[in-house]
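Survey of secondary and tertiary structure
Residues per chain are reported as follows:
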Amino acid sequence: QVQLVESGGGLVQAGGSLRLSCAASGLAFRRYIMGWFRQAPGKEREFVAHISWSGGSTTYSDSVKGRFTISRDNAKNTVYLQMNSLKTEDTAVYYCAVPGLGSWGQGTQVTVSS
């Protein structure tokens, strides 16, 4: 069974940085596109970024492009989200996902204060 465990969330001031990690197990990790999504209070879950199986191709939402970087380490079965220049509107629960399997992590809270 697929298990995704996120870590690295927390409280940070606007303009600061955080790096999220997602450790995956129960799947052939290197075969799958991995993604990050987020859900802010009172809003629907939205796409943030995804990365191809090799890491050679990445896609970002317009709201995070140029500030966030998704990466992966297939040897460690881990995907990362480096978040720089954080804004208050980035406050949300961030979820790691395997879109092709419909698998989701439990989420990690990111709070950006002004």
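Procedures and definitions
- Residues numbered from 1 in each chain as written.
- Predicted model: local features only at pLDDT ≥ 70, side-chain atom pairs only at ≥ 80, totals over all residues.
- Heavy atoms only, no water.
- Helix = DSSP H or I, 4+ residues; strand = E, 2+ residues; numbered from the N terminus.
- Rg over C-alpha atoms; globule rule 2.2 N^0.38 Å.
- Buried < 20%, exposed > 50% of the residue type's maximum accessible area, 1.4 Å probe, protein only.
- Contact = heavy atoms within 4.5 Å.
- Salt bridge = Lys/Arg side-chain N within 4 Å of Asp/Glu carboxyl O.
- Core = buried A, V, L, I, M, F, W, Y, C linked by side-chain atoms within 4.5 Å.
- Pairing = 2+ DSSP bridges.
- Axes fitted to C-alpha atoms, helices over the stretch in contact; angles between N-to-C directions.

Re the overall build of the protein chain
Scanning the protein chain from terminus to terminus reveals zero helices and 11 strands. In the protein chain, the succession of α and β elements from N to C terminus is β-β-β-β-β-β-β-β-β-β-β. The C-alpha atoms of the protein chain give a radius of gyration of 13 Å, which matches the 13 Å a tight globule of 114 residues would have. In terms of overall dimensions, the protein chain has a C-alpha envelope of 40 × 25 × 20 Å along the principal axes. By the burial criterion, 43% of the 114 residues in the protein chain qualify as buried. Restricting the contact set of the protein chain to residue pairs at least 6 apart, pairs at least 24 apart contribute 54%.

Side note on the pattern of salt bridges
In the structure shown here, the tally under the stated rule is four salt bridges. Within the structure, one salt-bridge network assembled from shared partners comprises Arg38, Glu46, Arg67 and Asp90.

Describing unusual backbone geometry
Look at Asn77: it is not a glycine, yet its phi comes out positive at around 50 degrees. In this structure, Asn77 sits in the loop between strand 7 (68-73) and strand 8 (78-83). The partly exposed category is assigned to Asn77, whose relative accessible area is 25%.

Here's the deal with the nonpolar core
If you look at soluble globular proteins, the nonpolar side chains tend to sit buried side by side. By size, the foremost hydrophobic cluster in this structure holds 28 residues, and its most contacted members are Trp36, Val79, Leu81, Met83 and Tyr94. Those elements that provide at least two residues to this core are strand 3 (18-25), strand 4 (34-39), strand 5 (46-51), strand 7, strand 8, strand 9 (92-98) and strand 11 (108-113).

Some details on the sheet that holds strand 1 (residues 3-7)
Reading across from one edge, 1-3-8-7 is the order of the four strands in this open sheet, with antiparallel pairing throughout. One side of each edge strand has no neighbouring strand; the edge strands of this open sheet are strand 1 and strand 7. Each neighbouring strand pair of the sheet contributes to a mean axis angle of 15 degrees, computed without reference to strand direction. Sheet analysis places strand 7 next to strand 8, joined by six bridges and oriented antiparallel. Paired with Thr69 across the strands is Gln82, a residue of strand 8.

Quick word on the pairing of strand 8
Burial of strand 8 is extensive: five of the six residues sit out of reach of the surface. The pairing of strand 3 with strand 8 spans six bridges and is classified as antiparallel. Pairing of Leu20 across the sheet is with Leu81, part of strand 8. If you look at the hairpin formed by strand 7 and strand 8, you'll find four residues sitting between the two strands, and Asn77 has a positive phi there, around 50 degrees.

Comments concerning the environment of Val12
Looking at where Val12 falls in the secondary structure, it is placed in strand 2 (residues 10-13). For Val12, a relative accessible area of 13% puts it in the buried group. Along the chain, Val12 and Thr111 lie 99 residues apart, while their C-alpha atoms are 6.4 Å from each other. Every residue in contact with Val12, bar those within four places of it in the chain, is listed here: Ser17, Leu18, Leu86, Thr111, Val112 and Ser113.

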